[in-house]
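# Fold and geometry: a report
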Amino acid sequence: MLANIELHIERDPDDLAKRATLVTWQALRATKDNFLIALSGGSTPRRYHQQMAQLDREETPWGKVVVLFSDERAVRPDHPDSNYRMARETLLDVAPIALSKIHRIPAEEPDLDRVALEYEALIKELSKGTGAVDLVVLGLGGDGHTASLFPGHPPPPPGRLVAATPVSPTTPLTPRVTFTYEAIALAKRVLVLVAGGDKANRLEEVLEQRGELPLQKALAGRTGPTTVVADLAAAKTILARRRSE
Ligand code: 6PG
């Protein structure tokens, strides 16, 4: 396993969400100025968002939080497939985060290359030119994708932090806008949430650095810390391998 990856195996998706919330809270408390967090889509972050929304308001410096997204599907922001909509319902409408500090990706617009370029410019501005987001949250698809970096897709153009993608091979079948490998490499910390037995073999491959899955590629490019939080079902192949060694 890569030296800069910390793996937490939790009993179930609820404990996974609690651990992810603790990791986020600690990173938030340790950050002096603004805390740029890029949220992920998918179903696993729902519980994590709900836990975050319950954080003690006295002990949580919500005023520092600036919300970004690590990917978005090409749908309207009120569409059931919108990552922004999911985050709004589970976190953003509940936690005390100013609207001016929530930056969704307007992927419902027709020109996704332009949307990606503008979002990249925003990230550069918010990060004072470094492009380094404080915490990038990612998931793992059953095919090994992360954010909207899919196996078999052409790699994003070099030097870019955000890129438009072709139609995704998994549902929803839309083009998307995504953080690139470079944006993930630059992030000060990455938090990967993995729940469910359908991810078990892929997660083991990623952590053992076998193959060329997008999540593996994304993490291999990093020098900063990465925390992977998996539930028991997602960790079953890793645990079986450890037992057999
Ligand atoms: C998306 C994603 C995607 C997701 C994985 C895992 O917009 O679809 O950000 O990369 O994180 O597909 O999704 P689950 O949490 O639903 O397994």
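Residues numbered from 1 in each chain as written. Predicted model: local features only at pLDDT ≥ 70, side-chain atom pairs only at ≥ 80, totals over all residues. Heavy atoms only, no water.

This part takes up the site of the ligand. Near the ligand you find 16 residues, and of these Ser43, Thr44, His145, Ala147 and Lys199 are the closest. Between the ligand and the protein, one listed contact pairs an oxygen atom with a side-chain N or O atom of arginine 73 at 2.8 Å. Protein contacts shield 89% of the accessible area of the ligand, which totals 420 Å² for the unbound molecule. Residue composition of the shell around the ligand, by class: 2 nonpolar, 10 polar and 4 charged. (Near = heavy atom within 4 Å. Polar contact = N/O pair within 3.5 Å; in protein donor to acceptor, adjacent residues only side chain to side chain. Areas by Shrake-Rupley, 256 points an atom, 1.4 Å probe, with all protein chains shown as cover. Nonpolar A, V, L, I, M, F, W, Y, C, P; charged D, E, K, R; others polar.)

Counting 74 residues, the largest nonpolar core has Ile37, Tyr48, Leu92 and Phe179 as its most contacted members. Here the element with the most residues in this core is helix α1 (residues 13-30); it accounts for 7 residues. Apart from the residues within four sequence positions on either side, leucine 92 is in contact with Leu39, Val67, Phe69, Tyr84, Ala87, Ile97 and Ile102. (Core = buried A, V, L, I, M, F, W, Y, C linked by side-chain atoms within 4.5 Å. Buried < 20%, exposed > 50% of the residue type's maximum accessible area, 1.4 Å probe, protein only. Helix = DSSP H or I, 4+ residues; strand = E, 2+ residues; numbered from the N terminus. Contact = heavy atoms within 4.5 Å.)

For α1, built from 18 residues, the straight-helix expectation of 26 Å at 1.5 Å per residue is met to within 8% by its first-to-last C-alpha distance of 26 Å. Inspection of α1 places Asp15, Leu16, Ala17, Ala20, Thr21, Val23, Thr24, Trp25, Ala27 and Leu28 among the buried residues, and these make up the whole buried set. (Expected span 1.5 Å × (residues − 1).)

Turning our eyes to something else, we now look at the packing of aromatic side chains. One pass over the structure, following the stated rule, counts 1 aromatic pair. The interplanar angle of 70 degrees and the centroid separation of 6.0 Å between the aromatic rings of phenylalanine 69 and tyrosine 84 together place this pair among those described as edge-to-face. Of the two residues, phenylalanine 69 is situated in strand β3 (residues 65-69) and tyrosine 84 in helix α3 (residues 83-92); the sequence distance between them amounts to 15 residues. For phenylalanine 69, a relative accessible area of 0% corresponds to the buried category. Cation over ring: arginine 104 sits above tyrosine 84, and NZ or CZ is 5.7 Å from the ring centre. (Phe/Tyr/Trp six-rings, centres within 6.5 Å; stacked < 30°, edge-to-face > 60°. Lys NZ or Arg CZ within 6 Å of the ring centre and 35° of its normal.)

Bear in mind that shape data such as this cannot, by itself, settle questions of function.
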